[in-house]
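Fold and geometry: a report
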Amino acid sequence: MTGRKRAAGGEEMPGTGAIEGLLRRIEKPAALADGQGVIVAANEAFCRRAGLELAELRQRDLQQLCIADVTPLLKGTVAALSSDLLGSPGADGAIPLSLTRLEATATDDGEPPAPERGWCLLELLDQRVSLGDLDELVSARCPDGAVLLHLEVLQLDLVRGRLGIAACEALIEEIAHRLEAVLPSKGFFSRQGGDRLLALLPGSMGIDAVRDLAGELLASLEAPTTVLEHVIEPSLNVGISRCPEDGSEFALLLDAATRALEETHRQPFSSCCIAAPVERSVQLQELLARPLALAIEQEQLELAYQPIIELESGRVIAAEVLCRWDDPVLGRQSPADFIDVAEATAQISSLGRWVMERAFEALHRWDVAGLQLEKICVNVSPLQVQDPTWSSDLLMALERHRLTPDRIVLELTEGNIMEMSSHVANQLRDLRRQGFHLAMDDFGTGYSGLQRLTELPFSEVKIDRSLISAIDYDQLQQAMLSAVIRLSEATGITVVVEGVERSRQRQMLLTLGCRHGQGYQLSAPLSDLDLEALLQSQIFPAA
Ligand code: C2E
Ligand code: MG
Ligand code: MG
């Protein structure tokens with residue numbers, strides 16, 4: 001499939017070169033149609049599905065073809081392409097984006113399509129796509145967050161002016177190749193028109209990982225390329241936003257990435273900017289501060305309890321207390337958001353006190369009922385610890401509910417520990433001496449090495465799910481976890497692995513000598529009643 005296609009009016013249209021290149025690399029059936037719906041290109045998978053040669057497919061009406069011959073086969077897998085690849089944004093205020101679903105909107109049985117690997121070229125259609133569609137894409141395909149890259153190819157106008165549109169397209173194609181080599185394979189990629197590209201990468205990414213990715217992107221373009229016998233050094237500006245940090249809706253993500261892209265224009269050279277997270281936290285604060293205060297005051301928050309399981313036996317050995325907030329007007333809020341707001345608006349102490357009181361009360365109730373739960377784990381923000389009354393409140397609550405400190409695990413995230421004042425550290429040492437357990441939470445998300453574990457008297461380390469996401473097949477992750485387990489065992493620290501989602505992960509964790517885990521495969525966070533029922537039965541799916 002080579003570079004030129006017939007336009008709606010019959011003349012040769014530029015612009016498909018890069019797209020055809022991408023089409024070739026799509027594993028799923030994908031085809032390309034002009035503005036009138038006439039197929040101009042298709043990948044091999046599409047030809048196979050349709051049972052036709054590419055030559056036979058060309059010039060056929062995509063829509064008719066779907067309806068008449070191959071609808072069931074092609075359902076949801078057909079792509080069409082605008083004749084106006086280089087079209088400029090509309091003046092109607094609509095998102096200047098002409099992308100929509102290439103792959104299945106739904107399977108035959110109405111189920112949403114499973115996320116696949118491999119680049120999925122979102123079709124570039126004449127019609128504009130509603131924000132609702134794009135939001136759906138983000139929420140359906142990126143349940144764990146996403147990163148949106150807004151890429152601007154520099155010198156494109158110059159290349160077009162000097163060397164013509166074909167050179168321009170060849171340059172875009174070359175850039176697309178290089179980006180493909182750097183970007184994670186699971187993603188959605190689209191040309192937004194002109195010199196702009198968008199890449200939506202499912203999965204959450206820490207700010208440092210995003211920076212690394214951006215660095216790799218820019219580095220990948222450093223080598224010059226030859227286009228129509230001219231040597232060109234391609235370069236890009238990149239604006240990056242993240243979901244949920246910068247918003248969970250596509251429009252917010254695009255806004256943030258575009259603002260970040262505009263920031264790059266201040267630089268004299270090709271560069272990358274990540275959307276400033278401050279703006280989002282300010283927005284969130286404005287939105288959530290008052291309702292949160294009300295929710296705390298009126299005790300509208302709830303607690304969920306996620307079991308921590310002995311992997312070998314399936315026994316519940318502890319439960320992590322997770323705060324939930326379902327606001328009657330704003331809806332369910334993510335703890336990552338409202339805990340941030342609580343910290344920023346000095347409400348974390350009252351929130352934390354409420355959590356502690358309710359959790360201790362529940363543990364006491366279960367004790368009285370004869371249920372066996374060794375410990376509960378409470379997330380603690382250093383700002384709480386800084387509050388001069390916090391530790392006395394903690395001890396009083398413990399006494400009130402007739403519990404001993406060895407029943408309580410205080411979880412502190414790795415990032416928080418790095419910023420901790422010596423006063424907070426001393427308080428925690430003191431509590432540890434009194435018998436409280438201390439856990440380093442989300443280990444692996446910050447930059448701290450294993451030596452951090454020795455700075456406070458931790459009794460537990462909770463390995464972040466990002467470090468075990470591929471533990472069942474990735475040898476590097478296996479080696480890293482083995483090292484952490486060995487070191488922790490040598491220093492008497494218990495390892496708990498977070499985010500166990502597959503039974504294969506569980507098997508591998510057992511093989512590597514990891515004894516305790518938490519995650520959806522073992523149990524989702526439960527209501528107090530559901531945890532009670534579970535403790536009564538203590539039955540878990542075998543590994
Ligand atoms: P965390 O302490 O690391 O809690 C574990 C988070 O991972 C929870 O998210 C839990 O629902 C989620 N999770 C558990 N198993 C899996 C799994 O298999 N896969 C995936 N993808 N996720 C899993 P949640 O409830 O959204 O809480 C997020 C964070 O908010 C917590 O992370 C904790 O840092 C904070 N948080 C929650 N409740 C409180 C609280 O009462 N006080 C404070 N200070 N922080 C809290
Ligand atoms: Mg935790
Ligand atoms: Mg954690």
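To start, this report covers the structure provided alongside it. (Residues numbered from 1 in each chain as written. Chains lettered and ligands numbered in written order. Predicted model: local features only at pLDDT ≥ 70, side-chain atom pairs only at ≥ 80, totals over all residues. Heavy atoms only, no water.)

Turning to the pattern of salt bridges, a few remarks are in order. Oppositely charged side chains are able to pair whenever their charged atoms sit close together. The full count for this structure, using the stated rule, is 18 salt bridges. Ionic pairing is found between Glu174 and Arg178, a salt bridge with its closest N-O pair at 2.7 Å. One end of the pair, Glu174, and the other, Arg178, are both in helix 7 (residues 165-182), 4 residues apart, so they sit about a helical turn from each other. Of the residues examined, Glu174 reaches a relative accessible area of 23% and is grouped as partly exposed. Of the charged contacts in the structure, one is a salt bridge between Arg315 and Glu374, with a shortest N-O distance of 3.2 Å. Within this pair, whereas Arg315 is found in the loop between strand 15 (302-310) and strand 16 (316-327), its partner Glu374 is found in the loop between helix 12 (348-368) and strand 18 (375-379), the two being separated by 59 residues in sequence. Residue Glu374 is classed as partly exposed on the basis of its relative accessible area, which comes to 39%. Connected through salt bridges with shared partners, the residues Glu320, Glu411, Lys462 and Glu498 form a single ionic network. (Salt bridge = Lys/Arg side-chain N within 4 Å of Asp/Glu carboxyl O. Helix = DSSP H or I, 4+ residues; strand = E, 2+ residues; numbered from the N terminus. Buried < 20%, exposed > 50% of the residue type's maximum accessible area, 1.4 Å probe, protein only.)

For ligand 1, the set of nearby residues contains 21 residues, the closest of which are Glu320, Arg324, Asp441, Glu501 and Tyr520. Gln306 is positioned with one of its side-chain polar atoms (N or O) 3.0 Å from a nitrogen atom of ligand 1. Within the side chain of Asp442, one N or O atom sits 2.9 Å away from an oxygen atom of ligand 1. For ligand 1, whose unbound accessible area comes to 790 Å², protein coverage reaches 84%. Among the secondary structure elements, those contributing two or more residues to the shell around ligand 1 are strand 16, helix 11 (335-344) and strand 20 (437-443). Residue contributions to the shell around ligand 1 peak at 4 residues, all from strand 16. (Near = heavy atom within 4 Å. Polar contact = N/O pair within 3.5 Å; in protein donor to acceptor, adjacent residues only side chain to side chain. Areas by Shrake-Rupley, 256 points an atom, 1.4 Å probe, with all protein chains shown as cover.)

Once that is clear, we can look at the coordination of the magnesium ion (ligand 3). Only Asp441 (OD), Asp442 (OD), Glu498 (OE) and Glu498 (OE) from the protein coordinate the magnesium ion (ligand 3), and they sit 2.0 to 2.5 Å from it. Site description for the magnesium ion (ligand 3): donor spacing in sequence, D-D-x55-E. Taken as a pair, the magnesium ion (ligand 3) and the magnesium ion (ligand 2) show a spacing of 4.0 Å, with Asp441 coordinating each metal. Separated by 56 residues along the polypeptide, Asp442 in strand 20 and Glu498 in the loop between strand 22 (494-497) and helix 18 (503-511) bring together distant segments of the chain. Overall, Asp442 belongs to the partly exposed group, its relative accessible area being 22%. (Donors = N, O, S within 2.8 Å, 3.2 Å for Na, K, Ca; no water.)

Geometric values such as these leave the question of function open.
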